[in-house]
Amino acid sequence: MLKRRPQLLWLLVPYVLFVGALPLVNRVRPVLLGLPFLFVWLLGATLLTPLAVWLARRGGPQVNAVVATSIFGLFMLGTVALGLLAVRGRGGGSGGLAEWSVGGRSLGAVFIWVLMAGEGYTSFSYLGAAGWGYNYGSPVLYVVAYMSCGYAVGYVVGPMLWAYARKHGLVGITDMVAHRYDRPWLGALVAFLATVFLLPYIQLQITGMGVVVSTISYGAISLNWAYFLAFAVTTGFVVVSGLRGSAWVSVLKDVLVIATLGFLAIYVPQHYFGGYEEFLGRLVEEKSEWLTLPGHGGGGFGELWFATTTLLNSLTVVIFPTTVAGYLGARNADALRRNAMWLPAYNVLLFVPMLLGMAALFVVPGLVGAESNLALFELVVDSLPAWAVGIVGVAAALSSIVPMAVFMLVIGTMWGRSVLSLVPALRERQKGAAQIVVVAAGAIALLLTYIAPNTLVRLSLISYEGMAQLLPMLLLGLVWRRLTFAGALAGLAVGVTIVCVLVFTGHDPVWGMNAGIVALAANLAVALAVTYARPADRDPRPDGEVLAEDPLPAADPSREAHPV
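All residue numbers refer to positions counted from 1 along the written sequence of the respective chain. Residue-level local features of this predicted model are given only where pLDDT is at least 70; pairs of side-chain atoms are given and counted only at 80 or more, and the full residue set underlies all totals for whole chains, interfaces and linings. Note that the side-chain values use all heavy atoms of the structure and ignore hydrogens as well as water.

What should I look at first to understand the packing of helix α8 (residues 142-168) against helix α21 (residues 471-479) in this one?
Throughout, an axis means a line fitted to C-alpha atoms (over the contacting stretch in the case of helices), and angles, computed between N-to-C directions, take values from 0 to 180 degrees. Starting at the N terminus, helices and strands are each numbered in turn, a helix being any DSSP run of H or I of at least four residues and a strand any DSSP run of E of at least two. Close contact between α8 and α21 brings their axes to 12 Å; oriented N to C, the two are set at 80°. With respect to each other, α8 and α21 are oriented roughly perpendicular. Of the residues in α21, those in contact with V157, M160, L161 and Y164 of α8 are L475, L478 and V479. Amino acid classes used here: Ala, Val, Leu, Ile, Met, Phe, Trp, Tyr, Cys and Pro are nonpolar; Asp, Glu, Lys and Arg are charged; the rest, including Gly, are polar. Residue composition of the contact of α8 with α21, grouped by class: seven nonpolar, no polar and no charged. For classification purposes, angles smaller than 35 degrees are called roughly parallel, those larger than 145 roughly antiparallel, those between 65 and 115 roughly perpendicular, and all remaining angles oblique. Contacts are assigned to residue pairs that have any heavy atoms within 4.5 Å of one another.

What's the story with the nonpolar core in this structure? I'm lost.
Where a protein is soluble and globular, its nonpolar side chains tend to be buried together. By convention a nonpolar core is built from buried Ala, Val, Leu, Ile, Met, Phe, Trp, Tyr and Cys residues, the set being connected through side-chain atoms within 4.5 Å. We call a residue buried when its accessible area falls under 20% of the maximum for its residue type, exposed when it is over 50%, and partly exposed in between, using a 1.4 Å probe and counting protein chains only. If you look at the biggest cluster of nonpolar residues, it comprises 155 residues, and the most contacted ones within it are Y126, L161, M176 and I202. Take this core: its biggest share by element is 20 residues, from helix α18 (residues 386-419). Formed by 15 residues, the second largest nonpolar core is a distinct cluster that contains W10, L24, A45 and A56.

So what exactly am I meant to see when it comes to the packing of aromatic side chains here?
For any pair of aromatic rings, the description consists of the separation of the ring centres together with the inter-plane angle of the planes. For Phe, Tyr and Trp, rings pair up if their centres lie within 6.5 Å, where Trp contributes its six-membered ring, and each pair is then called stacked (planes under 30 degrees apart), edge-to-face (over 60) or tilted (otherwise). Using the criterion set out here, one finds 24 aromatic pairs in the structure. Their ring planes at 65° and their centres at 6.3 Å tell us that Y276 and F279 sit as a pair that is edge-to-face. Pair noted here: Y276 and F279 are both in helix α12 (residues 276-286), with a separation of three residues, about one helical turn. Of the residues examined, F279 reaches a relative accessible area of 1% and is grouped as buried. Its guanidinium or amino end placed over the ring of Y181, R180 lies 4.5 Å from that ring's centre, counting from NZ or CZ. Criterion for a charge above a ring: Lys NZ or Arg CZ within 6 Å of the ring centre, and within 35 degrees of the ring normal.

Sorry, what's going on with the pattern of salt bridges here?
Two side chains that carry opposite charge are able to pair once their charged atoms sit near each other. Salt bridge, as used here: a side-chain nitrogen of Lys or Arg that lies within 4 Å of a carboxyl oxygen of Asp or Glu. The full count for this structure, using the stated rule, is seven salt bridges. For R417, the salt bridge goes to D175, with nearest N and O atoms at 2.8 Å. Of this pair, R417 sits in helix α18 while D175 is found in helix α9 (residues 173-181), placing the two residues 242 residues apart along the sequence. With a shortest N-O distance of 2.7 Å, D539 and R541 are connected by a salt bridge.

How should I be thinking about unusual backbone geometry in this particular structure?
Both trends apply: most residues other than glycine have a negative phi, and most peptide bonds are in trans. The amide bond that connects L293 to the next residue, P294, takes the cis arrangement and shows omega of 10°. Positioned with a positive phi, D182 is a non-glycine residue whose angle comes to about 55°. Tracing the sequence through the fold places D182 in the loop between α9 and α10 (184-216).

Even after reading the chapter, I still don't get helix α1 (residues 13-20), so can you show me in this structure?
Residues spaced three or four apart along an α-helix point in a common direction, a consequence of the helix completing one turn every 3.6 residues. Regarding α1, the residues found buried are V13, P14 and L17. In a view along the axis of α1, the buried residues occupy a sector of 105°, so they form one face of it. Exposed residues on α1 whose side chains face more than 90 degrees from its buried face are Y15, V19 and G20. Along the arc lie the directions from the helix axis toward the C-beta atoms.

Worth remembering: the numbers are spatial, not functional.
Below is the structure:
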């Protein structure tokens, strides 16, 4: 019967949820919505049972969709199980804000590596990189360039921020800014701005995972439902497991990403072209415009744009709230230094979707607009069996879940720590407040996905260009005592205003350059001008209390942690 009706396998889902997962979920904590976790899990399983029976009923010729989505569903259950395992032995997820948001500052080099690699390898890598390879070609390599340069900068900045946060008991960039300028409300302002620029990145991941789920289900799951599934899985996952759970799932994600992209790098050229020599030969002969800057069709992505985008993003990535969350989760500063050496090697994988996107030019020509983001998956769905499509889809989905979880987590942390904590009644319940914000941030991003969809790369560029405007206030402020509060705030206001005007009026690139670096130059100029025009801030604290230093291995303060 199962050979003729494989969709009946969906009827096993209630048994997996109610019986198979019982050893993992039979616990009081974490308490969600006031209910013990066992009750919440069984409630969710009850609600999912009608869906499983409905999928079994669909049947018919949708065998490929059943196989692929079954594999996807099993892996999603495994993802939730990993999140639960990650918090076992640590109060069942009932620890404080530091345990939830930065993993108790106890993650070793391997977990930090997979976590930070997971943040860099997102749904953009499967979809946007292939889409840019399809549309433009070589300009997409700006991702490889800025991430490699950013890891080099992170060799110094990562340990410096880690030591500063450890010394003063801080859990994010909003904490750092508030402490540096001794103004708690400034942390709230930065939290608001950072949230505005991070929400598009969450939307990017929801969009990416939604496209993946809809595609690997062969259209059986609509995009709208796929978007909601992305939101539901990730929100539930991050509320329960925090940063530590994200690190555990990153291990699974990295294994699947390396395996699937390694396989596709060999399979696609061989299957469609007879080998790499034939594929690259056709590419050079017929699509040479894609192989040099500014790429196919011009588009303003020339050498100046590539250089300025690499410079801007390499500096921004080291203060990106999700990157800093990875820094602060480390057990010691040397783990971050080792990761700065190892992480660039992971960027080699980014060449694969770009090349496969260009391979799709010959196999599925004519993709336009957002359809180009499906260039890689068009090749996968067209040529691979359903079980393989499901596994590739899982790797791509986890490449959305891991970074989306960290984005949502840092938004919750920023608001719980720097905004809601300003309300006396919430000061002692920062973690609970942060978890509520996680749900709210995910819901807003989901709503934006429905009412304001956009292409994947554009969303990520808005995030980086906006976040770049925090560079003078944060990094310069932590190494230069003379920078005044008024100067930092004035520069930030000018930079954010210029970014918004240029991006939303369509003037990005501007004069051939990344609009964010133009805004950053104005930001820095204003910050310096106001600083030198006004008297220095009268802050009685010593330099060691205000400024950050790169801790040398011999002077590593890892044993001087302040509990949060």
